[in-house]
Every structure is written in C-alpha cells, then in structure tokens.
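Next come the chains, spelled out residue by residue.
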Amino acid sequence: MNSLYQSSIQSLPLLGHGKVRDNYAVGDDKILIVTTDRLSAFDVVMNEPIPGKGMVLNQMSDFWFEKLGHIVPNHLTGVAPESVVAADEVEQVKGRAVVAKRLKPILVEAVVRGYIIGSGWKDYQATGSICGIQLPAGLRQADKLPEPLFTPAAKADLGEHDENISFAEMEERIGADLAAQMRAISIELYRTAADYAATRGIIIADTKFEFGLDDNGVLHLMDEVLTADSSRFWPADSYAPDMSPPSFDKQFVRDYLETLKDWNKAPPAPALPADVINKTQAKYFEAIERLTGEKLKV
Ligand SMILES: Nc1ncnc2c1ncn2[C@@H]1O[C@H](COP(=O)(O)OP(=O)(O)OP(=O)(O)O)[C@@H](O)[C@H]1O
Ligand SMILES: [Mg+2]
C-alpha cells in the first residue's frame, strides 16, 4: 500500500494544497486533483497520514460520480491521471487522483441532512430549528428528519470554519435561480444516494456537495462526492436514535481528540497514537467495501 502525505508533482504547476487534496494545473482548462492520506479533524490537519485513505476517498467519489451522472454533469474528464504526469510521478497519482474540468467554484457548500445530528442537533436543541428551518417538537438526537433539509454553508478560507447561512443569504450571494437549482439537485442527489446506500446497510445521515460553473455557466458537481470525509455514514444495523451512532469515518480520531483536555482544537495538531491510526484506516477500508461491494483497488 503506498501512502502519500503530500504530493510533489514537478511536471505540473501547483495550484495549491487544500486540507486533503493537492491541485495542479493541466493546461488552462483542467486540473489534476491528488487526494492525499492527510486527515483533518475539527478543521485541523493531523501530522500523520492514514495510509490508503486518499485512495478510498478518490474511489468512493468515482463510484458516486458514475452512479449520479444522470442527475447533474460532473467535473470528470475521463483523462487518466497517469497520462498527465512524468513517469517517475505515476506512483503518486495511482488510484488516488482525477483529471477534472477546471471550474469556477461556487463559494456556497450544499449541505443536505437526512438525520438530526452534529451541529444540526445542537441548533435544534437551542432554537427548535436547523439553520432557521422550523422543525416539529420532540425530535431526538439522530432521528430521521421528516424530509431531507438543505442547509447551505459559506465556504471558508483555509484554517477557518465553514459558516452556516440561511437560504435567503445564499440567494443574495449567488442569485435566486442558481440557489434554487443547487438546492433541488442536492436533494435529489442525496435521496438517490441514500436509497442506494440503504441496500448496502448504510445510512447516509448527512453530506456536503460542492458545485462549480464551466465557461458556459453550466452547473457541475465537483470536488469529492459522498465520501466518508464529506458525509456521515452509519451502519444501519447499529443505528438507534437518542445517541450519536458510530460512523464510518474519523470517529476514532475525533473521539481520541476529545479525550485531550489540553488541546484547544486549533493548530498545531497533537500526535495520533498508532492504534488510532490503524483503527481509522480499517474503518475507511470497511466503508468502501461495504458501500461498493468491492475491495479498494491499490
Ligand atoms: N473541478 C474543480 N475545479 C476547481 N476547483 C475544484 C474542483 N474540484 C475541487 N476543487 C477545489 O479543490 C479544493 C480541494 O481541496 P480540499 O478538499 O483538500 O480542500 P478544503 O476545501 O480546504 O478542505 P475541506 O474539504 O475540508 O473544505 C477545494 O477547494 C475544492 O473546492
Ligand atoms: Mg474539500
């Protein structure tokens, strides 16, 4: 298993390092997105890689792009990542990269919630609503919502936290037509994915999509889609409301970090014990197998 904490592709111009992905320009209309094994928790990037995690995320996204392609165009070009880098750089992109259309990112993230958990649960307890959307009384933590909710968030700069905004605020920022289009597509993507995942014994509690526009102003789905990083996946067989169900993602890391009384959830990241790294790796591998029915291709 090759592990990659940070890529260094010399044959292409670097556009930037995100928390998890490294982007390079391929000509002036495409980008190479390399998904590394970095893990961010509470928006802080950990110092240790989770070996193979980037491959899991990349292959999960590919799986969903294919499954959801009939709903909205996406950023994939079909160009093989191996074909745009130098021979001695192929190892860095194998199984963990895509060549995507270079889009103009819409700076509002599309969050869809099917269950009431995390910040949504906190919001509901305080206000009886989520992001200003009024909900029935008496919901328990992790309950299924009557309908999936669309709760947009303003995309934050590196090191900042995304900020929930109202739908009206989203309309002001990007225009009412585009906002309505994004909302309708996001809910359809969520419903379609959640129905499929249910057949695999997985609940998709919530997820976040990112969209961009091409030169003709056509809306495209981009970035990562329905991965264990951008979504909460719960095994259906251990789901119960009134608690926070275990999930197929960074749960071990988050739980460990919560035990550190003197870490304030700001950089620098504390060291992760080997045991936490190994268990987290196993969860990511389990997630892709359970979801797609196939083992990770390494
Ligand atoms: N097709 C695309 N065209 C242009 N930008 C893209 C495309 N696909 C993804 N991106 C952008 O590339 C970056 C991917 O990096 P990454 O996900 O590591 O960053 P991040 O956004 O800092 O982290 P987080 O996912 O936690 O918000 C994001 O800023 C994303 O919006
Ligand atoms: Mg991202």
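Reading the values: the criteria
- Residues numbered from 1 in each chain as written.
- Chains lettered and ligands numbered in written order.
- Predicted model: local features only at pLDDT ≥ 70, side-chain atom pairs only at ≥ 80, totals over all residues.
- Heavy atoms only, no water.
- UniProt positions renumbered as here; feature names shortened; annotations may be inferred.
- Helix = DSSP H or I, 4+ residues; strand = E, 2+ residues; numbered from the N terminus.
- Polar contact = N/O pair within 3.5 Å; in protein donor to acceptor, adjacent residues only side chain to side chain.
- Contact = heavy atoms within 4.5 Å.
- Expected span 1.5 Å × (residues − 1).
- Buried < 20%, exposed > 50% of the residue type's maximum accessible area, 1.4 Å probe, protein only.
- 1 Å grid on protein atoms, 1.4 Å probe; cavity = no way out; pocket = protein on both sides within 12 Å on 5 of 7 lines; lining within 4 Å.
- Points joined across faces, edges and corners; volume = space filled by probe spheres on them.

If you check an unreviewed UniProt entry, the protein appears there as Phosphoribosylaminoimidazole-succinocarboxamide synthase from Pseudoduganella violacea. According to its UniProt record, the protein has this under Sequence similarities (unreviewed entry): "Belongs to the SAICAR synthetase family."

Asker: I'd like a rundown of the side chain of E210, residues and numbers included.
Answerer: Position of E210 relative to the elements: it lies in strand β14 (residues 202–213). Within the local environment of E210, its side chain forms a polar contact with the side chain of K208, the two groups lying 3.4 Å apart. Leave out the neighbours within four places in its chain, and E210 touches E109, K155, H220, L221, M222 and D223.

Asker: So what's going on with helix α1 (residues 53–68)? Which residues, and what values?
Answerer: The first and last C-alpha atoms of α1 sit 22 Å apart over 16 residues, in line with the 22 Å expected at 1.5 Å per residue. Counting buried positions along α1 gives 13 out of 16 residues, so the element sits mostly inside the fold.

Asker: How would you sum up empty space enclosed by the protein? Please name residues and give values.
Answerer: Scanning the model with the defined rule gives one cavity of 30 Å³ or more in all. Of the volumes computed, that of the largest cavity is approximately 90 Å³. What lines the largest cavity is simply R21, I33, T35, L57, N58, S61, D62, F65, H75, V98, D223 and E224. When contributions to the lining of the largest cavity are tallied by element, the ones reaching two or more residues are β3 (30–35) and α1. Examining the composition of the lining of the largest cavity, we find that five residues originate from one element, α1, more than from any other.

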